[in-house]
Structure formats: structure tokens, C-alpha cells
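Observations on chain architecture
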Amino acid sequence: MKVFVCADLEGVGCVVRSEHTSPGGREYDRARRFFTAEVNAAVDAAFSAGATDVLVADSHNVGLNLLPELLDARARLVLGGPRPLAMVEGIQEGFDAVLFVGAHVMSGTPDAAIPHIFHGRVAELRVNDLRIGEMGLNALLVGHYNAPVVFVSGDEAACAEAKNLLPGVECVAVKRGVGAYAAISHVPSRCVELIAAGVRQALARKEQCRPLRTTEPVQLRVRFTTASGADRAARLPGAVREEPMEVSYTAKDMLEAFKAFNTMADEVEAVPFI
Ligand SMILES: [Zn+2]
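Residues numbered from 1 in each chain as written. Predicted model: local features only at pLDDT ≥ 70, side-chain atom pairs only at ≥ 80, totals over all residues. Heavy atoms only, no water.

To continue, consider the packing of helix H3 (residues 134-144) against helix H7 (residues 254-269). To characterise two packed helices, one gives the angle between the axes of the helices and the distance between these axes. Axis separation between H3 and H7 bottoms out at 9 Å; the angle between their running directions is 140°. When the interaxial angle is binned, H3 and H7 end up oblique. Of the two elements, H3 crosses H7, and the hand of that crossing is left-handed. Two secondary-structure elements touch here, H3 through Leu-137, Leu-140, Leu-141 and His-144 and H7 through Met-254, Leu-255, Phe-258 and Phe-261. Counted by class, the contact of H3 with H7 contains seven nonpolar, one polar and no charged residues. (Axes fitted to C-alpha atoms, helices over the stretch in contact; angles between N-to-C directions. Helix = DSSP H or I, 4+ residues; strand = E, 2+ residues; numbered from the N terminus. Parallel < 35°, antiparallel > 145°, perpendicular 65-115°, else oblique. Left-handed = near helix turned anticlockwise from the far one by under 90°. Contact = heavy atoms within 4.5 Å. Nonpolar A, V, L, I, M, F, W, Y, C, P; charged D, E, K, R; others polar.)

Looking now at the domain arrangement of the protein. Along its sequence, the protein is carved into domain 1 (2-208) and domain 2 (218-269). The gap between the C-alpha centroids of domain 1 and domain 2 is 25 Å. Residue-level contacts link 20 residues of domain 1 with 18 residues of domain 2. Where domain 1 touches domain 2, the interface holds one salt bridge. When the shortest N-O distance is used, the salt bridge between Arg-223 and Glu-124 registers 3.1 Å. The set of elements that each furnish at least two residues to the side of domain 1 that touches domain 2 consists of strand E5 (122-127) and H3. At six residues, E5 tops the list of elements feeding residues into the side of domain 1 that touches domain 2. Here the side of domain 1 that touches domain 2 is built from residues that sort into 13 nonpolar, four polar and three charged. (Domains from an automatic or database assignment. Salt bridge = Lys/Arg side-chain N within 4 Å of Asp/Glu carboxyl O.)

Here it is, written out as C-alpha cells:
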């Protein structure tokens, strides 16, 4: 059994603000240790549930957050960026199950830790009229490679978003958001216990989960937080300006839709003003 772990930082226990998630933030080094411990709990549980290969993608910021020297020696690690499939780079190898550790909700969700999609300038993302965030985007992309998401950890809101999107998924809430940048959290030693138990459970009944797929062609709609964001995104050949702040793109499949979204998001992020 091959298991892929997509690991993000915002949904890790006791991580609530940019002081934790921004390299250089005063709590960042501590957050990296919490992050590495939660990923290790998932990796160890995957091996004890019968995994023969576990690939971990460090998928926050530029992919340099997990502490490799403290990671379970049986895992392989995807790190750095940019990378062709961004947060799920490596899924092309083919996997039997996918775990999302440290996941967070889409922008606009109340009482949820650090809600966003890639960065703060994407307000809303729709794929064939399904409103999604990073979780949905990554689930559809791993679904394109025929892999089911069987486990999600994050805050309570991330678990609710996951259950809505992924029937049968096993979810572990490590904290409950109080507004966007505060939470009532389990402490790290309890988070790792919950994640280990959840991953074992998820892999024991992984047949209940199916790869998430959408119909083709894939219609992508991206609403930005500013009209100038949409100006830049609309430069992508094939993109159509639908509304002052919204751009659409019709792709032949989910992989092309993902590449279009990632290109637009990067184009908008590259310019550090409105
Ligand atoms: Zn992140």
C-alpha cells in the first residue's frame, strides 16, 4: 500500500496566526516542530496500518517547513518549490490512499483557522460550480491520478468542509477556530495521539472512499479580491474576464484546470500591491 501525505501548516494543533505560519515569525520554529510531530504520527500510523511506501509533501509556503532530520526515516519527502503539482507534487507516482494533515478551510469561512486559498488575493474558486478551497482543489487533483483522500486533520471547520466534499473520509479535529486567528486547541502531545488513531482507522476502511472526480471539460471560475488581480489573471491565454473581479477558464481536464489556476494565482501573487 502506497500512501501520500499532503501536509500543510495552518491546520496543525496550536497553530493560529502568522507568527506561527510565516518563516521568521516569532513562533514559527515552534510551529515547525508541532507540524513535524503531527506528520510523523501520520507516517508511523500508515506504516503500522500496512503501508509499504509513504511520500510526504511539505506543502506550506515554499515547502521548507518540516524538519527533515526529525522525520520518520521510512518516509520520503517532497520539499521546496515551485513544483508542477504544487501541494500534491509526487502524486503522479500513483498512490492507494492520500492523507491531508494540517488542512485548512477555504476563504470566507467563519470561526476557522487562517482561511484562504493559496494566498489572500483569491476570494473564491469554483470548479464546475462546486465551490472549493485548497482541500477541494487538491482532492480533485489527486482524484485525477485515481487516488482517494481517506483522512483529513485540521480544525473543526476543515473537518466539516472535508466531510461535505469527501464521503466516507475520516476526520480529526485538533482545534476549534475562534474567529480567524484564534482557537481552542488540543495540546501537541494529544494532537499526535488523535492523528495516529485517525489514520489507522482511515486506512483500515479506505475502500469506503472513492477518488474525487468532476465532469470534463472542467469549467474553472476564480474571483479575486481586487479588479487588478482579475486584470492580471485575464492575461492567461484562454482566460475570459467574466466580471470585474472574476475570470473563467475552460480546461479539458482537472490537470489543465489546476495548471490554469496555479498560473493565475502565481501571477497575482507576484505583484506585492493591489
Ligand atoms: Zn499553508
